[in-house]
Amino acid sequence: MFIPYGKHYIDDDDINAVVTALKEDYIATGPGIERFERAFAAYTGARYAVALSSGTAALHACSYAIGIQDGDEVITTPMTFVSTASSVMMCGGKPVFADIDENTYNIDPNEIEQRITPHTKAIIPVHFTGQPCDMEKIYGIARKHGLNVIEDAAHAHGADYHGSRIGACKYSDLTAFSFHPVKLMTTCEGGMVTTNDEALYQKIRLFRAYCSTKDPELLKDQTDGPWHYEVQGLGYNYRLSDVMCALGNSQLHKLERFVAKRRAVAQRYNDELKDVRGILLPYQAEGCNSSWHLYTIQIKDGRRREVYEKMRESGIGVDVHYLPVYRHPYFLENGYENVSCPKAEKLYDSILSIPIYYGLTEKQQEYVIETIGSILKTS
Ligand SMILES: *Cc1c(COP(=O)(O)O)cnc(C)c1O
């Protein structure tokens, strides 16, 4: 038996939805894409949604849409997956890392403000583990300095912040999601951007499909024939297929259930691990309801490696999220060798993600709890 830290959940409804979509006339670009987009927009409360081929593509499209280019600086957290920062570089921009809050592990708004320069164009907060960032403060800073805000919500489908759902873009211009199997819902690979801004929405739709358009209202040459289409920028093929959108729609119907189960798993960990010595449980900020993409604990007394190895030997797939982004060789070799965010470094030395997902059984969770307890009891 192996219990991973995260796992997708596929049922017969999902399989039937995919089989049905495969029998349709259009399997790449078809009506299922807009169906999924409309349903996802409605779920989050945003006006618009655009499906893309991955969370990375979604983030790249966001940087493109707000016009990031050579020399522009974008402030983000080091405690994230690489795409949050690399998507900025794909547009020629420069990620600038601001340290985290030691309680929530999310980007610290005070650290953001110190890093603003005349070149700063945007802020990308990441709702790490599914716990929403301090969006009111971040949005306030952004408005004061004329910056855009892109939320990286790859961990936060279904999370709530001060009464609004993440993805509603109440405190941001754009929100990017991922549907990788380890996230809260899946399309195998896939992503989504939500926004309330029609111009950004249109830009992302173009960018996703070669920056090519046939829309009579957008054409620059109005004199050619009815076959005429135009490429108006440097675009990509970042579309999510109709078949995968059918899977996404089916998964979306279960998202509330997925998130509710993760919250119950988290609650049980909170209750049953609270007396284990040598660990620190995750803190929840007021007014926030996490989606619990990850359940992370800190292992004190320099015992993280030991706990990691013994859990793995016991068949429990614990993992470490994340190496601060600037410490990856590509970043070290490209100007980040002197960057240091001490709180993120310190967290990286002790953090461990333990299993949390919809299909985790009570017995499996009990085994995880017992295993942690027995390792930390022995010294
Ligand atoms: C997974 C993830 C991404 C990238 O999503 P993909 O769909 O794998 O491209 C971006 N940011 C964060 C925080 C993630 O966890």
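Thresholds, definitions, all that
Residues numbered from 1 in each chain as written. Predicted model: local features only at pLDDT ≥ 70, side-chain atom pairs only at ≥ 80, totals over all residues. Heavy atoms only, no water. Helix = DSSP H or I, 4+ residues; strand = E, 2+ residues; numbered from the N terminus. Rg over C-alpha atoms; globule rule 2.2 N^0.38 Å. Buried < 20%, exposed > 50% of the residue type's maximum accessible area, 1.4 Å probe, protein only. Contact = heavy atoms within 4.5 Å. Areas by Shrake-Rupley, 256 points an atom, 1.4 Å probe, with all protein chains shown as cover. Phe/Tyr/Trp six-rings, centres within 6.5 Å; stacked < 30°, edge-to-face > 60°. Lys NZ or Arg CZ within 6 Å of the ring centre and 35° of its normal. Polar contact = N/O pair within 3.5 Å; in protein donor to acceptor, adjacent residues only side chain to side chain.

Q: With reference to specific residues and values, describe the overall build of the protein.
A: A tally of regular secondary structure across the protein gives 13 helices and 17 strands. Radius of gyration (C-alpha) of the protein: 21 Å, near the 21 Å computed for a compact globule of 379 residues. Overall, the protein is about 80 × 55 × 40 Å in size when its C-alpha atoms are taken along their principal axes. Expressed as a percentage of the 379 residues in the protein, the buried residues total 56%. For the protein, restricting intrachain contacts to residue pairs at least 6 apart in sequence, the fraction spanning at least 24 positions comes to 72%. Taken as a whole, the protein presents about 17000 Å² of accessible surface, with 50% of it coming from carbon and sulfur.

Q: Quick rundown of the packing of aromatic side chains? Include the residues and the values.
A: For any two aromatic rings, the description comes down to two numbers: the centre-to-centre distance and the angle of the planes. The final tally for this structure, using the stated rule, is 23 aromatic pairs. With a centroid separation of 5.7 Å and an interplanar angle of 90°, the aromatic rings of Tyr330 and Phe331 are classed as edge-to-face. Through a chain of ring-to-ring contacts, three or more aromatic side chains come together here, namely Phe97, Tyr326, Tyr330, Phe331 and Tyr336. A cation over an aromatic ring shows up here: Arg165 above the ring of Tyr43, its NZ or CZ 4.1 Å from the ring centre.

Q: Tell me about the side chain of Ser87, residues and numbers included.
A: On the secondary structure map, Ser87 appears in helix H4 (residues 83–89). Judged by its relative accessible area of 0%, Ser87 is buried. Looking at Ser87, its side chain comes within polar contact range of the main-chain oxygen of Thr84, at 3.2 Å. Beyond its immediate chain neighbours, meaning those up to four positions away, Ser87 contacts Thr56, Leu59, His60 and Ser63.

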